[in-house]
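Results of the structural survey
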Amino acid sequence: MCGVVGYVGHRECSSLLLEGLRCLEYRGYDSAGVACVDASGISVVKSVGKVATLKEKVAERPPQGRTGIAHTRWATHGGITEANAHPHTDMRRRVALVHNGIIENYQTLRAFLEREGVRFSSETDSEVLAQLIGYHYDGNLYEAVCKSLEVVEGTFGLIVMAADQPDLLVGARRGSPLVLAIGENENLLASDVQALVAYTDRVVFLKDDEVVNITPREYKIRGLDRAPHAAEIEKIEVALESLEKGDFPHYMLKEIFEQPKSLHDTMRGRLNLSEGTPVLGGIANVRDIFKNAEKLVITACGTSWHAGLIGRYVLEEWTRIPVEVEYASEFRYRNPILSPRTPVIFISQSGETADTLAALREARMKNAPCLGICNVVGSSIPRATDAGIYTHAGPEIGVASTKAFTAQVAVLVMMAAWLARQRGMSLGRGREILSALIEIPEQIKKITAQSDRIKEIAETFKDEHHCLCLGRGVQFPVALEGALKLKEISYIHAEGYPAAEMKHGPIALIEKGMPVIVIATRDVTYEKIGGNIQEIKARGGSVIAVVGEGDKDIAEMADHLIEVPNVMPELAPLLTVVPLQLLAYHLAVLRGCDVDQPRNLAKSVTVE
Ligand code: G6P
């Protein structure tokens, strides 16, 4: 969702800020803007649509200054218009602000300011904050920001500058991320490190209710209570090339093809074959909490929730501990039954999803141990949990999650094997699982090698409007994930269903030629799924079957066949999801969709 970036230093900064916005594009947005300040004051350029459009506008009339702020906006309050785009200024253009988050009491604050004679020029909650800071500003920007934030309810990752102090930025966060980057005679702030890595590797992840003043040579972090805070400087290791598309036409395709490597990175140093157990340093300290757990709870959103459903299947199968999986947004409002013996696992690629963070606060309140499975190092969820495991899939830029999903599943499988070994699983079985995991990256290469053939299958149903995705057991969440991928990027209405449930409703939708994707690898439900396929064929549906290599029975019934290597059922989702990712990708391209930035979606959903 919204991305913010700010610069104060020795360079003319409008193009640098635009480059920062380009690195934040993946978060999802619908308008953008930039403002710079110099001795002549604040100049602002905004546009609806892509950063490329903003760039063209800036080229005509570049805002001047060595201090500036910029923003990509994902509309919440107020339509997608130039007036609603950030940066916002106060009425007298004495301050300008970019804001990520939501001001919940904006109506009360707006009414107050209007009574004080303030005139508004947008419908946004963020402008209220700009106006409020302007209202309080008397030459001390830090004080004006603190005074304003003291009365604000909601979330913010914000950067402000003042017309009469062209060498100063003030940033603050609560709930939305903000990272300070420390350079040579220049300092920056941004929503995430991807916008910063080109300038420095020294960063400080600001904490909630911290406010930072930055000038070209100095930074000062304080609390909203004005108390000085120490800066915990961290060295970030993000390879710049990992942020580029390379030879691939889209990030999503690059990330699908990267899965052999990303999974290798996820498992690197974590598989002790001789002991038949994964070694998970991040949760070693909470080993007893896990071992003695009454039940495990997994909570997440979107694709991460699907990984959680697969985790439940594998954890229950191997550890015999009951596992609940719930959408974070529901979990939070349901008064869940938790205790110190019910560890809650929060799965999140970004580590910033607002609903997952809110669920974490709820679990804390109820004294449950909180554990994270996250991809973005240093993000909010790993910081707020007691222990956890990073997925180490590398930066994921495509909005539709692919390599982060397989990394989450691999971590859950490792966690299940680790716990099962402590609860009685044999050495032999442990070794069998680990040996099978080691093979997965090479097996995925056999699937990505079929990309062109999968594209041919996509051609056959590129004009369809509806699709069903079916699977059973551990493949049911894969069917959900396949359907989600189709919805997200190709805008085909797709439903994921347990294959046998089809008879209780979705079968009514099947008519001649309707595509039905069926995951039918060999496990206990294989024969039954064969029956389900017959039912689809009898009604004229067109079956795209994902089967194990060498399959004969289903091969005879299906219209299209995609083979994946044969593996133990609990690991099969790591393979069967890959053709579904590729199918969704090719369909989206054939349908002319914006694969990496699908309409209305955001990579990092920082509002509830
Ligand atoms: C958004 C993204 C999805 C992602 C979900 C949860 O909807 O578009 O790809 O699965 O958020 O995000 P998280 O970062 O918590 O995994």
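What comes next is a walk through the structure.

What counts and what doesn't
Residues numbered from 1 in each chain as written. Predicted model: local features only at pLDDT ≥ 70, side-chain atom pairs only at ≥ 80, totals over all residues. Heavy atoms only, no water. Near = heavy atom within 4 Å. Polar contact = N/O pair within 3.5 Å; in protein donor to acceptor, adjacent residues only side chain to side chain. Areas by Shrake-Rupley, 256 points an atom, 1.4 Å probe, with all protein chains shown as cover. Helix = DSSP H or I, 4+ residues; strand = E, 2+ residues; numbered from the N terminus. Nonpolar A, V, L, I, M, F, W, Y, C, P; charged D, E, K, R; others polar. Pairing = 2+ DSSP bridges. Axes fitted to C-alpha atoms, helices over the stretch in contact; angles between N-to-C directions. Contact = heavy atoms within 4.5 Å. Buried < 20%, exposed > 50% of the residue type's maximum accessible area, 1.4 Å probe, protein only. 1 Å grid on protein atoms, 1.4 Å probe; cavity = no way out; pocket = protein on both sides within 12 Å on 5 of 7 lines; lining within 4 Å. Points joined across faces, edges and corners; volume = space filled by probe spheres on them. Core = buried A, V, L, I, M, F, W, Y, C linked by side-chain atoms within 4.5 Å. Arc of directions from axis to C-beta.

A look at the site of the ligand
Taken together, 14 residues lie near the ligand, and Ser304, Ser348, Gln349, Ser350 and Thr353 sit nearest. Within the side chain of Ser348, one N or O atom sits 2.6 Å away from an oxygen atom of the ligand. One nitrogen or oxygen atom from the side chain of Thr353 is found 2.5 Å from an oxygen atom belonging to the ligand. Taken by itself the ligand offers 390 Å² of open surface, and the protein chains cover 91% of this. Looking at the shell around the ligand, the element that brings in the most residues is helix α10 (residues 302-319), giving 3 residues. Looking at the shell around the ligand residue by residue, the class counts come to 4 nonpolar, 8 polar and 2 charged.

Quick word on the sheet that holds strand β19 (residues 344-348)
Note: strands within a sheet are paired through backbone hydrogen bonds, in either parallel or antiparallel orientation. Spatial strand order, β18-β17-β19-β20-β21: 5 strands in an open sheet with parallel pairing. Two strands close off the open sheet at either side, each with one partner strand: β18 (323-327) and β21 (387-390). Pairs of neighbouring strands in the sheet enclose a mean axial angle of 20°, with direction left out of account. Judged from the 4 bridges that link them, strand β20 (residues 370-374) and β21 form a sheet pairing that is parallel. Directly across from Ile373, in β21, lies its bridge partner Ile389. Those strands touched by helix α12 (residues 354-365) are β17 (296-300), β19 and β20, and its axis lies near 165° from that of β19.

Some thoughts on helix α7 (residues 259-267)
In terms of burial, α7 is largely enclosed, as 7 of its 9 residues are buried. Listed in full, the buried residues belonging to α7 are Gln259, Pro260, Ser262, Leu263, Asp265, Thr266 and Met267. Residue Gly269 follows α7 closely and has a positive phi angle near 70°.

Let's talk about the sheet that holds strand β5 (residues 88-89)
Strand order in the open sheet formed by 6 strands is β5-β6-β7-β8-β12-β13, with antiparallel pairing between adjacent strands. Edge strands, defined here as strands with exactly one partner in the open sheet, are β5 and β13 (219-223). In the sheet, strand β7 (residues 156-162) pairs with strand β8 (residues 169-174) via 5 bridges, with the strands oriented antiparallel. Across the sheet, Phe156 pairs through a bridge with Arg174, a residue of β8. Relative to the sheet, helix α4 (residues 125-136) contacts β5, β6 (95-100) and β7, its axis offset from that of β6 by approximately 145°.

So, empty space enclosed by the protein
Going through the model one piece at a time under the given rule, you end up with 3 cavities of 30 Å³ or more. Put simply, the largest cavity is a space of about 90 Å³. As for the largest cavity, its lining consists of 14 residues, and the residues nearest its centre are Cys2, Trp74, Thr76, Gly101 and Asp125. Those elements giving two or more residues to the lining of the largest cavity turn out to be β6 and α4. Its residues assigned to classes, the lining of the largest cavity comprises 4 nonpolar, 8 polar and 2 charged. By volume, the second largest cavity amounts to about 50 Å³. If you go around the second largest cavity, the residues you meet are Val204, Phe205, Lys207, Glu210, Ile221, Ala230, Ala231, Glu232, Glu234 and Arg383. Tallied by class, residues from the lining of the second largest cavity come to 5 nonpolar, no polar and 5 charged.

Structural notes on the side chain of Ser304
Assignment of secondary structure puts Ser304 in helix α10. Not counting chain neighbours up to four residues away, the residues in contact with Ser304 comprise Ile347, Ser348, Gln349 and Gln408.

Some points on the nonpolar core
Ile283, Phe290 and Trp318 are the most contacted members of the largest nonpolar core, which totals 87 residues. Element by element, the count of residues in this core is highest for helix α14 (residues 403-422), at 13 residues. Once you skip the residues sitting within four places of it in the chain, Trp318 turns out to touch Val413, Ala416, Ala417, Ala420, Met425, Arg429, Ile433, Met568, Glu570 and Leu571. If you look at the next biggest cluster of nonpolar residues, it comprises 32 residues, including Leu21, Leu188, Val197 and Ile397.

Re unusual backbone geometry
Cis peptide bonds are those with omega within 30 degrees of zero, and the linkage from His86 to Pro87 qualifies with -5°. Despite not being glycine, Asn185 shows a phi value in the positive range, around 55°. Tracing the backbone through its elements, the reader meets Asn185 in the loop between β9 (179-182) and β10 (187-190). Residue class for Asn185 comes out partly exposed when judged on its relative accessible area of 37%. Not every positive phi belongs to a glycine, and Asp209 is a case in point at roughly 65°. Locating Asp209 in the fold gives a position in the loop between β11 (202-205) and β12 (210-214).

Remarks on the pairing of β19
In terms of burial, β19 is largely enclosed, as 5 of its 5 residues are buried. Two strands pair when backbone bridges link them, and β17 and β19 are joined in this way by 3 bridges, in the parallel orientation. Among the inter-strand pairings, Val297 is bridged to a residue of β19, identified as Val344.

Details of helix α2 (residues 51-60)
Turning to α2, its buried residues number three or more, namely Val51, Leu54 and Val58. One side of α2 holds all its buried residues, which, seen down the axis, span an arc of 55°. Facing away from the buried side of α2, by more than 90 degrees, are the exposed residues Glu56, Ala59 and Glu60. The inward-facing, buried residues of α2 contact α1 (14-24), β2 (31-38), β3 (41-48) and β4 (67-73).

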